[in-house]
Structure formats: C-alpha cells, structure tokens
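Residue-level listing of the chains:
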Amino acid sequence: MNSTIFKPTTPPPSHPSSLFPQITACKTIRDLHQVHALFIKTRQIHDPLAAAEILRFYALSAHRNIEWARAVFNHMQRPNCFSWNTIIRALAESSVDEHPLEALLLFSQMVSYGFVGPNRFTFPSVLKACAKMGNLGVGKCVHGMVVKFGLDTDEFVVSNLVRMYVMCKVMEDAHLLFSRSVVVCGHLNERKQEGNVVLWNVIVDGYVRVGDVRAARVLFDKMPQRSVVSWNVMISGYAQNGFFREAIDLFRDMQIENVYPNYVTLVSVLPAISRLGALELGKWIHLYAGKNRIEIDDVLGSALVDMYSKCGSIEKALLVFEKLPKRNVITWNAIISGLAMHGRVEDALDYFKKMEPAGVVPSDVTYIGILSACSHAGLVEQGRSFFNRMVNVISLEPRIEHYGCMVDLLGRAGLLEEAEELILNMPIQPDDVTWKALLGACKKQGNIDMGKRVAEVLMDLAPHDSGSYVALSNMYASLGNWEAVAKVRLQMKDMDIRKDPGGSSIELDGVIHEFVVEDESHPRAREIHSMLEEISNQLSLEGHRPDTTQVLLNMDEEEKQSVLHYHSEKIATAFGLISTAPQTPLRIVKNLRICEDCHSSLKLISKIYERMIIVRDRKRFHHFEQGLCSCMDYW
DNA sequence: TTAGGGTTAG
C-alpha cells in the first residue's frame, strides 16, 4: 500500500472570540473557580450572558464538572434558552446512568414553566437522552413535540429522531422516518436531507447494530456523500459481525477514495486484521498512526497489542505494551491472553502478578486468560487455585468461559471424570463449547467410551455442527471400526451435514493467500505441488511416517497419505517456502485445529528448511523451530 | 449543539 498519500491530521480549530475572555482563557477547572468567584464578588454573575458562559464551561468543556454546572444553573433566576440547552445537553451526554433521566426531567420543567420554549438545539439532546435510556414511549412523545414545534425537517433533530428509534430497537420506524425525511425534505427543496451525511450514518449504523450488514452496505453504497464516520461505521460493522475480509477490503477502498483513516478507523479495523492474521497490514496501521500523529492511547494500544499477538508477533505485542503511557484492564487482558495463546505461561502469570501493583484490578476476562494459560501448560493445581481464588476471594461469578477453561485443563491433563463431574454440577447450563472441550480431551486421552457419550450429548445440543460427528467418526476410525464410521457418515449425509473445510492462509506482501485441503486453485499451483512432492520426499528421508489415524475415510493407506499430504497448512507452508527468502519466518493461520500429522511434519520441515514456522490454529499458536514446537506437544 | 472504538473458554 502506498503510504505517501496520507496527510497529517488537521490541527484543532482556534478558540472563537468571546464576550468573556477571562472564561475563554481558563485552562483548568481551578482557573474557572477563580473567575467564577470574581464574578460573584463583582456581581457580574447576575449578567445572564456571563452566568451562561460560566455554566457552559462547567457543563461542556474538556474539564467538565456536572455538579458545578448544576449548581450554577440552579442559582439562575430565569435561565435563558441557551442555558437550559446547555444543562440538558451536559446531562444527556453524561456517562452517569441517572443523568439522561435527569435531562428529561429538566426538559419537562423547561416546557411546563413556559418562559422559554425548546428550540432546534434542545431536541437533539432530549432525543439523545431517550436513546440512551432506550425509552420508546418517551421518545415517541418527544417526536410528537418535535412535529408540534415544526422542527421535523431540521437536519440535527431528524438524525437524532432516527437515532432514538434505532437505539430503541425499532428499525422499521427508524427506516420509515429516514426514508420519509429523505423524500419529504428533498421535495420541499429545503436543505436536503438527502445530503445529510449524519442522517445516513445513523441509519447505516442502525442496520449494523441489528446485525444486518447487508442492508447497511446497500445503504452505504447509495449514500449521496460519505464522511470518514460513514466509512468507520461500515468498517466496524463488518468487523463486529464477523465479516473480517469485508472490513479490510472496505478499509482499502476508503484509501482508494482518498478518505483519510482517523483514530476510530484504526481501532475499528484492527480486530479484523487480528482475526485474519494479516501482520503486514497491522504493522502498516501502527506506522500510519505514528506518521499521522494519531495518539496511541490505552484503547488503540490494546487493539495493537491484540493485533501483534494474534498475528504471531508476541514480542512486538510486548514492546507496544511496555511503551504505552497508559494501560487499562483491557490492555492487560490483551497481553495476558496473548501470552497464554503463545504458550508463554510463565510470562502470562508474571504479568498477572504485576497488574494489581500497577493499580489495575483484574476482571473476569483476566481470569479467562490466566486459566487458559494454565490449561495450555497443563498446570492443574495452579489453575484450580486461580479458579478458587476468583470465586471465593475476589467474589467474581464464574462465567461459562471459566468453566470451559477448567474442563479443558482437567480433561486434557487426564482428569476426565473430574472434568465431566464439573460439567454436570456447574450452576449454569453447559453449552456446546463446554462439551467440545471434554470431547477434545476424550480424544486426546483415547477414552472412547466417554467420547461416544459426549458426542451423543453434542449431537443433541448442536445437531447441525459437524464437529461432534467428525470427532466420533475419528474415534471409530482410530479403532478401525469402519462399520461404525460408515454409519456416522451416513447419518451426516442424511442430515446434510458437511465437515467444516479446513483452510489455511498466509500473508505475502500484504496479500492474504488462502488454501483449502487439496487446493489447486492458486495461480502457482504447479510450483506448489512440486514443492509438496519435495517436502514429502525430505520427510521420508528423515524417517517421517504419516499418521493416518486422523483421516476419517475408509480408504486405503496410500489414499489417506495423499489426503494428509495436501492438508491446507502444508500447502500454505509449501507456498511460503517457494515465495520467500531463506530464513524468513512463515506465519500461517488455520481455521481448525492442526492435526497430529501436520504437527509432526511441520516440526521436521522447520529443521530441514531452517525456517521458523508460526502456525495459529483455532485455539493457540505453535512456534516450530529446529524440529521442536513451543507447545511441547501438549495441545 | 449530529455520527464512530479495544480484551473473553473449544
């Protein structure tokens, strides 16, 4: 990507001129207290304009203090419309739960006193308060007043009305009002709502919020104008609804259209980059933030830490973490989960220990990271102790994820009965993921009896999920019970359940190349195939014998070997080997868990070709180097 | 005086 096209962000606008330069000059709340005291002493505070200006600083400046604003407002004899609007807006925008309701109460006082009427600056705040409370009844009532005051064509009011319907989860009403505003206002030839970017942003955001990204995209494409916010809404909408590739594609389109990404764009697109493991693009984002003086605060920092660790570069994640001027609980969670995912258990526990002395209280998510770290390393006692501490000392209610970690930890360490006991006695309903952890453990421990039982539960719980059928079939296959295998496969066929296709991807010069099993679609398929042949020969020379027990089908040994030979992670590795300079580490992302055979093959490949190969599977990272894997074969 | 964000068991 060409990074030279980006300009630095524009500097903030200078302060507007003011009737009260003493107030405008205030830099802190202390400065304002002094001016305020002076105004009281000189009785200047009785000048409605002076009082309104003081109120505005307390209510809406960067150093806002609502209690002081309220005090000033309450002392006003007869606040003007400007002052009513100021205090209502401050309360409506506040993050304190009770404040939006107080905003509505003040609004009703304003209306019932009748000295000043609400205007086009009052309603956006009032509607914002309704939206925050999700109170449709009050919202509709306010809508009625908007119409009564003839403000239903004002662009600020209309976009807030639509937003209120969106936040009250009535998309039909939101859309109806949106389309009526676009048509009516265009027809009246007023300032056209068609061109009201905010109104369009609000409706696109509405569809994103209800998860209908398709509808959101249709509207996005129809927008008469787009601002950077429009792009941000759509990109984060894609990312948050699991459309990671679309999020990244749109991020690229945005640059083609010369719209400059801002802070929110970066925070929105990073999770998509993390999920796809697109390290080069992630690095580019990091660089872009630096070049354009976009502040890397705790929020953007957390997203970067997560991106580097999910893209296989845990060292870089640690560097970013250490350099951050401010870290919050999410930043800590990101680095702890990252270390856990990379099997760096000691480090994960170390960071956990450093958290509280740094003044950050661990959350339930922190414990998910810590428990998963213990489970990756088979630290049963430590895991049990963390779980007990969390419940009994910290008094955090365990969530299904914590139970999932514990089942995985106990089960894979061989304590299958204890794991099953935990599932049966947990106070919340176990879900398919919980049972899958136990099923995986049964498979690892070779306990077919329990495995069959668990697979049956799973088929009941998630009848269309191929995972349990495949696991059951694999278990029968490992016993050579082909009759049972055939039965399971027939059942799958009857229910039209297909095995999730295994896929692997590798990023090369910012482009993600994806491969599925036996993939021949890549433009360099021929070269990849001959590389695969060469790898296969080298592996045989090293004494590698393909492990065919995981191949589900009843085919002869030679055919099974051929399927293994063309597993997607091997194809991606072959492609990486022929496309990069010697010694370049290969980073591969796989959608399922890596199989036994690929795991042992990749260990050898790392030795034969002297490459570090970093594979992210569905659950964790494997760093293959010099014939060994960082998971120490416990996965 | 409108819109937008980061971490989470298999």
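Residues numbered from 1 in each chain as written. Chains lettered and ligands numbered in written order. Predicted model: local features only at pLDDT ≥ 70, side-chain atom pairs only at ≥ 80, totals over all residues. Heavy atoms only, no water.

Trainee: Looking at this structure, how should I read the overall build of chain A?
Mentor: For chain A, the helix and strand inventory stands at 32 helices and six strands. Summarising its shape, the C-alpha atoms of chain A cover approximately 95 × 55 × 50 Å along the three principal directions. A total of 635 residues make up chain A; the buried ones form 50% of that total. Relative to all contacts within chain A whose residues are 6 or more apart in sequence, the contacts with residues 24 or more apart total 64%. About 31100 Å² of surface is accessible on chain A, with carbon and sulfur atoms providing 54% of the total. Across chain A, the 68 positively charged side chains and the 74 negatively charged ones have centroids separated by 7 Å. (Helix = DSSP H or I, 4+ residues; strand = E, 2+ residues; numbered from the N terminus. Buried < 20%, exposed > 50% of the residue type's maximum accessible area, 1.4 Å probe, protein only. Contact = heavy atoms within 4.5 Å. Areas by Shrake-Rupley, 256 points an atom, 1.4 Å probe, with all protein chains shown as cover. Lys, Arg positive; Asp, Glu negative; His and termini not counted. Charge placed at Lys NZ, Arg CZ, Asp CG, Glu CD.)

Trainee: Hey, could you run me through the packing of helix α20 (residues 345–355) against helix α21 (residues 364–377) in this one?
Mentor: At a closest axis distance of 9 Å, the pairing of α20 and α21 adopts a crossing angle of 155 degrees. Between α20 and α21, the interaxial angle falls into the category roughly antiparallel. α21 is crossed by α20, and the crossing has left-handed handedness. Note on element contacts: α21 touches α20 through T366, Y367, I370, A373, C374 and A377, opposite V345, A348, L349, F352 and M355. Of the residues belonging to the contact of α20 with α21, the class tally is 10 nonpolar, one polar and no charged. (Axes fitted to C-alpha atoms, helices over the stretch in contact; angles between N-to-C directions. Parallel < 35°, antiparallel > 145°, perpendicular 65-115°, else oblique. Left-handed = near helix turned anticlockwise from the far one by under 90°. Nonpolar A, V, L, I, M, F, W, Y, C, P; charged D, E, K, R; others polar.)

Trainee: Can you help me understand the side chain of S94 in this one?
Mentor: With respect to the helices and strands, S94 occurs in the loop between α5 (81–93) and α6 (99–113). You can call S94 buried: its relative accessible area is 10%. A polar contact of 2.6 Å, which involves the side chain of S94, links it to the side chain of H99. (Polar contact = N/O pair within 3.5 Å; in protein donor to acceptor, adjacent residues only side chain to side chain.)

Trainee: For this particular structure, what's the right way to read the protein's contact with DNA strand B?
Mentor: Among the 47 residues in the neighbourhood of DNA strand B, the closest are listed as V198, N262, Y263, N328 and R399. If you look at DNA strand B and keep only atoms within 4 Å of the protein, 49% of those are sugar or phosphate atoms. At 3.3 Å from a phosphate oxygen of DNA strand B is found a side-chain nitrogen or oxygen belonging to Q240. With respect to DNA strand B, the backbone of D298 contributes an N or O atom lying 3.2 Å from a base nitrogen. (Near = heavy atom within 4 Å.)

Trainee: When you look at the nonpolar core in this model, what are you seeing that I'm missing?
Mentor: As a rule of thumb, soluble globular proteins bury nonpolar side chains together. Core analysis: the biggest nonpolar cluster contains 166 residues, and I54, F123, V162, I203, I273, I335 and L438 have the highest contact counts within it. Once residues lying within four places of it in the same chain are set aside, the contact partners of F123 are F107, P118, V142, M145, V146, F149, L151 and V157. (Core = buried A, V, L, I, M, F, W, Y, C linked by side-chain atoms within 4.5 Å.)

Trainee: Could you clarify how one ought to interpret the packing of aromatic side chains in this entry?
Mentor: Aromatic ring pairs are reported here in terms of the distance separating the ring centres and the angle at which the planes meet. Scanning all chains against the criterion turns up 19 aromatic pairs. Here the aromatic rings of F352 and F386 are separated by 5.5 Å at their centres, their planes lie at 85 degrees, and the arrangement is edge-to-face. With F352 in helix α20 and F386 in helix α22 (residues 380–393), this residue pair connects regions lying 34 residues apart in the sequence. Judged on exposure class, the residue F352 and its partner F386 are both buried. With 5.5 Å between their ring centres and 55 degrees between their planes, F515 and F575 make a pair best called tilted. (Phe/Tyr/Trp six-rings, centres within 6.5 Å; stacked < 30°, edge-to-face > 60°.)

Trainee: Looking at this structure, how should I read the sheet that holds strand β4 (residues 613–616)?
Mentor: Note: strands within a sheet are paired through backbone hydrogen bonds, in either parallel or antiparallel orientation. Strands sit in the order β2-β1-β3-β4-β5-β6 across an open sheet of six strands; the sheet is mixed. Each end of this open sheet is capped by a strand with a single partner; those strands are β2 (511–516) and β6 (628–629). Bridge count between strand β5 (residues 621–625) and β6: two bridges; the pairing is antiparallel. The residue of β6 that forms the bridge with F624 is C629. (Pairing = 2+ DSSP bridges.)

Trainee: Just checking my understanding: could you explain helix α3 (residues 48–60) for this structure?
Mentor: Note that an α-helix has 3.6 residues per turn; residues three or four places apart therefore point the same way. For α3, which comprises 13 residues, the first-to-last C-alpha distance of 18 Å matches the rise-based estimate of 18 Å (1.5 Å per residue) to within 8%. The complete set of buried residues in α3 reads A50, A51, A52, I54, L55, F57, Y58, A59 and L60. Residue D47 occupies the N-cap position of α3, its side-chain oxygen lying 2.9 Å from the main-chain nitrogen of L49. (Expected span 1.5 Å × (residues − 1).)

Trainee: Teacher, can you tell me more about the pairing of β2 here?
Mentor: Looking along a regular strand, one sees side chains alternate from face to face of the sheet. Looking at chain direction, strand β1 (residues 503–508) and β2 are connected through six bridges and run antiparallel. Pairing of L508 across the sheet is with V511, part of β2.

Trainee: When you look at the side chain of N201 in this model, what are you seeing that I'm missing?
Mentor: Here N201 is to be found in helix α11 (residues 197–209). A residue is classified by how much of its surface remains accessible, and N201, at 8% relative accessible area, is buried. In terms of polar contacts, N201 uses its side chain to reach the side chain of S230, at 2.7 Å. Residue contacts for N201: discarding those within four places in its chain leaves M223, S227, V229, S230 and V233.

Trainee: Quick question: what am I supposed to make of the layout of surface pockets here?
Mentor: Empty space among the atoms becomes apparent when a probe as large as a water molecule is rolled across them. Each pocket or cavity is described by its volume, and for the second largest pocket that value is around 640 Å³. Together, 25 residues line the second largest pocket, and R89, P124, S125, F156 and N160 are the ones closest to its centre. Listing elements by their share of the lining of the second largest pocket, those giving two or more residues are α3, α5, α7 (122–133), α9 (155–167), α11 and α13 (228–240). Looking at the lining of the second largest pocket residue by residue, the classes come out as nine nonpolar, eight polar and eight charged. (1 Å grid on protein atoms, 1.4 Å probe; cavity = no way out; pocket = protein on both sides within 12 Å on 5 of 7 lines; lining within 4 Å. Points joined across faces, edges and corners; volume = space filled by probe spheres on them.)

Trainee: Sorry if this is basic, but what is going on with the environment of R209 here?
Mentor: By the secondary structure assignment, R209 is in helix α11. In this structure, the C-alpha to C-alpha distance between R209 and N241, residues 32 residues apart in sequence, is 9.1 Å. In this view, R209 contacts R163, V166 and M167; residues no more than four positions away in its chain are not counted.

Trainee: Sorry, what's going on with the domain arrangement of chain A here?
Mentor: Accessible area lost upon the coming together of the parts serves often as the stated size of an interface. As assigned here, chain A comprises domain 1 (227–252 + 259–326), domain 2 (327–385), domain 3 (399–494) and domain 4 (503–629). Between domain 3 and domain 4, the C-alpha centre-to-centre distance is 27 Å. (Domains from an automatic or database assignment.)

Trainee: What am I meant to see in the pattern of salt bridges here?
Mentor: Pairs may arise between side chains of opposite charge once their charged atoms sit close together. Here the structure, examined in full by the defined rule, presents 31 salt bridges. Between K590 and E569 there is a salt bridge whose closest N-O contact spans 3.1 Å. With K590 in strand β3 (residues 586–590) and E569 in helix α31 (residues 568–579), this residue pair connects regions lying 21 residues apart in the sequence. For the pair formed by K590 and E569, the shared burial category is buried. Across the pair K603 and D633 runs a salt bridge, and its minimum N-O distance is 3.0 Å. With K603 in helix α32 (residues 596–608) and D633 in the segment after β6, the pair connects residues that are 30 residues apart, well separated along the chain. (Salt bridge = Lys/Arg side-chain N within 4 Å of Asp/Glu carboxyl O.)

Trainee: I would appreciate a short explanation of the environment of E542 in the present structure.
Mentor: With respect to the helices and strands, E542 occurs in the loop between α29 (525–541) and α30 (557–565). Along the primary structure E542 and W84 are separated by 458 residues, whereas in three dimensions their C-alpha atoms are 81 Å apart. E542 has contacts with L604, K607 and I608, leaving out every residue within four places of it along the chain.

Trainee: Explain the packing of α13 against helix α14 (residues 244–256) to me, please; I cannot follow it from the model alone.
Mentor: Helix packing geometry: the angle between the two helix axes and the distance between the axes. Closest axis-to-axis distance for the α13/α14 pair is 7 Å, and the angle between their directions is 160 degrees. Judged by the angle between their axes, α13 and α14 are roughly antiparallel. Judged by the sense of rotation from one axis to the other, the crossing of α13 with α14 is left-handed. Within the contact between the two elements, α13 uses V228, W231, N232, M234, I235, Y238 and A239 and α14 uses F244, E246, A247, L250, F251, D253 and M254. Across the contact of α13 with α14, the residue classes break down as 11 nonpolar, one polar and two charged.

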